Amino acid sequence: MNYKMMGKFIGNILMVEAVFMVPAMLISLWEKEFGAVVAFMWSLGAILVVAGGLRWLCRGSQKKFYAKEGLACVGLSWIAMSLLGCLPFFLSGVIPNFVDAVFEIVSGFTTTGASILPEVEGLPKGILYWRSFSHWLGGMGVLVFLLAISSTGGNGFTMHLLRAESPGPNVGKLVPKMKKTARILYLIYILLTVLDVIFLLLGGMSLFEAVCTAFGTVGTGGFGVRNDSIASYSPYIQNVCTVFMLLCGVNFSCFYLLLVRQFRSVFKDEELRLYLGMAAGSILLIVLNLRGFYDTLGETVRHAAFQVVTIMTTTGFATTDYELWPGFSKAIMLTLMILGASAGSTGGGFKCGRALLVLKSLHRSVRQVVHPQKVQVVRLNGHAVDEKVLQNTNAYLAAYVIVILLSFFLISVDGFSITTNLSAVLACFNNIGPGFEAVGPTCNFASYSMFSKLVLIWDMLAGRLEIFPILILLSRSTWKHR
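A quick note: this is a predicted structure, and the numbers were derived from the prediction, not measured.

As a further point, take the nonpolar core. The biggest cluster of nonpolar side chains holds 133 residues, and the ones touching the most others in it are W130 and F445. Element by element, the count of residues in this core is highest for helix α1 (residues 3-30), at 11 residues. Counting 5 residues, the second-largest nonpolar core is a separate cluster that includes L357, V378, V389 and L390.

Right, here's the structure in full:
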């Protein structure tokens with residue numbers, strides 16, 4: 001293990017976190033929230049001390065960096081960011097329990113949106129900004145941001161990091177240079193955020209609310225600045241959020257292909273067709289199931305579309321309490337919780353691309369039973385899928401099921417219903433936010449014990465980083481010198 005290189009990189013990540021915490025402190029200073037200002041100052045001091053110490057201790061590091069280091073570095077970076085990023089919540093007294101503060105910031109960075117706060121409208125604006133901005137920073141990934149602005153490492157170095165942090169069964173480069181790929185991804189991300197803010201401002205939102213809402217929408221996070229999430233905003237605002245959530249659940253490489261006018265490649269993308277088809281089909285079925293539930297058809301379509309998109313993209317905003325919906329509609333919502341958004345998007349879940357590969361592998365296995373001598377190849381978008389990608393997908397499916405079942409078993413000691421516990425695990429591991437019953441859209445996770453919150457924190461990190469960067473930290477072989 002190249003510990004010095006890892007330590008240096010984690011130090012750089014913490015430096016980025018410190019820089020992005022400054023605007024939140026300035027907002028608190030502008031609003032004369034002096035308690036929050038002091039909390040941010042102490043937090044910045046702690047981050048800079050740790051980051052500076054790591055950079056000093058790890059000076060003169062070698063640049064040999066392999067897949068094992070990349071996975072471990074990503075996992076440790078997110079843990080370090082979370083432990084230090086929660087300090088403003090804890091030191092300001094907004095969240096007096098440290099585990100609760102860690103839960104809140106991990107939920108932010110992983111774009112989960114699960115909260116332990118009973119209400120948010122009375123919080124200092126600087127704290128609200130930092131809470132919402134954590135979605136934006138975690139949505140695309142802070143390591144991807146660092147790769148976009150740094151000149152450290154070659155393609156092998158950057159590829160190990162990007163693969164560890166980016167969601168999906170397979171990560172590739174949009175252009176030959178990895179650094180340029182990271183820049184393109186972030187430029188698209190920033191453009192979508194700016195456009196979202198502009199459309200929200202046109203709907204009458206204040207600048208502060210528009211920016212915070214855009215962070216949660218484009219980052220597919222779900223932290224709002226009002227206690228009722230998006231419910232009290234106008235239908236126009238809700239529709240804008242629906243459109244941008246849907247866009248940010250698309251693989252960002254599709255946006256790049258549109259920019260370079262490769263329209264045919266986008267239209268032929270099987271994952272995109274599945275993603276949009278599932279969203280449209282779910283909305284139609286729920287609208288039919290909710291006939292007479294709302295006053296007008298337009299209102300029914302608006303709520304159905306918003307809730308389908310917010311759950312499928314794992315954003316977690318709410319305009320209505322879907323807990324009151326009929327069982328069939330809730331069954332669709334539960335299915336969408338598991339399926340999630342596209343690979344290469346800011347959304348979570350199992351991913352449409354991965355589900356496609358599993359279905360195609362299953363179909364191949366059935367054909368091989370019928371024609372055992374025939375060579376069967378799995379194809380996606382007209383190209384043969386590498387067997388290693390299929391193996392990794394099957395391994396991820398196995399790990400996905402095992403982690404969910406184990407987490408469900410562990411948090412069941414708190415005595416909540418099976419529906420509450422299972423949906424809590426699914427909501428945290430798939431980075432969705434709200435679940436059902438006691439953790440539904442009008443409730444929160446505050447009632448769980450400290451032990452269960454630690455389990456759910458691990459689930460949020462493992463789900464956001466696609467299990468293996470967190471799982472590898474528990475393996476003894478990771479830390480052996482070779």
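Turning our attention to helix α20 (residues 450-464). Given a rise of 1.5 Å per residue, 15 residues ought to cover 21 Å, and the 21 Å separating the end C-alpha atoms of α20 matches this to within 8%. For α20, a buried count of 11 out of 15 residues is recorded, marking the element as mostly surrounded by other parts of the structure. Taken together, the buried positions of α20 are occupied by S452, K453, V455, L456, I457, D459, M460, L461, A462, G463 and R464. Of the residues one or two after α20, E466 is the one with positive phi, at around 60°.

A word on the packing of helix α14 (residues 270-289) against helix α16 (residues 327-339). The geometry of α14 relative to α16 is characterised by a closest axis approach of 9 Å and an angle of 165° between their N-to-C directions. Compared by their axis directions, α14 and α16 come out roughly antiparallel. As for how α14 packs across α16, the hand of that crossing is left-handed. Contact residues: M278, S282, L285, I286 and N289 in α14; F328, S329, I332, M333, L336 and L339 in α16. Counted by class, the contact of α14 with α16 contains 8 nonpolar, 3 polar and no charged residues.

Okay, the pattern of salt bridges next. One side chain can pair with another of opposite charge once the charged atoms of both are near each other. This model, assessed by the stated rule, comprises 7 salt bridges. Close ionic contact of E466 with K351 constitutes a salt bridge, the shortest N to O distance being 3.3 Å. Highlighted residues: E466 in the loop between α20 and α21 (468-471) and K351 in the loop between α16 and α17 (352-370), separated in sequence by 115 residues. Overall, E466 belongs to the buried group, its relative accessible area being 6%. Note on K351: relative accessible area 1%, which makes it buried. Among the ionic pairs, R364 bridges to E387, the shortest N-O distance being 2.8 Å. Residue R364 is located in helix α17, and its partner E387 is located in helix α18 (residues 387-411); the two are separated by 23 residues in the primary sequence. Judged by relative accessible area, R364 falls into the buried class, the value being 13%. For E387, a relative accessible area of 39% translates into the label partly exposed. Where salt bridges share partners, they join K351, R354 and E466 into one cluster.

The rules we used
- Residues numbered from 1 in each chain as written.
- Predicted model: local features only at pLDDT ≥ 70, side-chain atom pairs only at ≥ 80, totals over all residues.
- Heavy atoms only, no water.
- Core = buried A, V, L, I, M, F, W, Y, C linked by side-chain atoms within 4.5 Å.
- Buried < 20%, exposed > 50% of the residue type's maximum accessible area, 1.4 Å probe, protein only.
- Helix = DSSP H or I, 4+ residues; strand = E, 2+ residues; numbered from the N terminus.
- Expected span 1.5 Å × (residues − 1).
- Axes fitted to C-alpha atoms, helices over the stretch in contact; angles between N-to-C directions.
- Parallel < 35°, antiparallel > 145°, perpendicular 65-115°, else oblique.
- Left-handed = near helix turned anticlockwise from the far one by under 90°.
- Contact = heavy atoms within 4.5 Å.
- Nonpolar A, V, L, I, M, F, W, Y, C, P; charged D, E, K, R; others polar.
- Salt bridge = Lys/Arg side-chain N within 4 Å of Asp/Glu carboxyl O.

Honestly, that's just the spatial picture; any functional story needs more than this.
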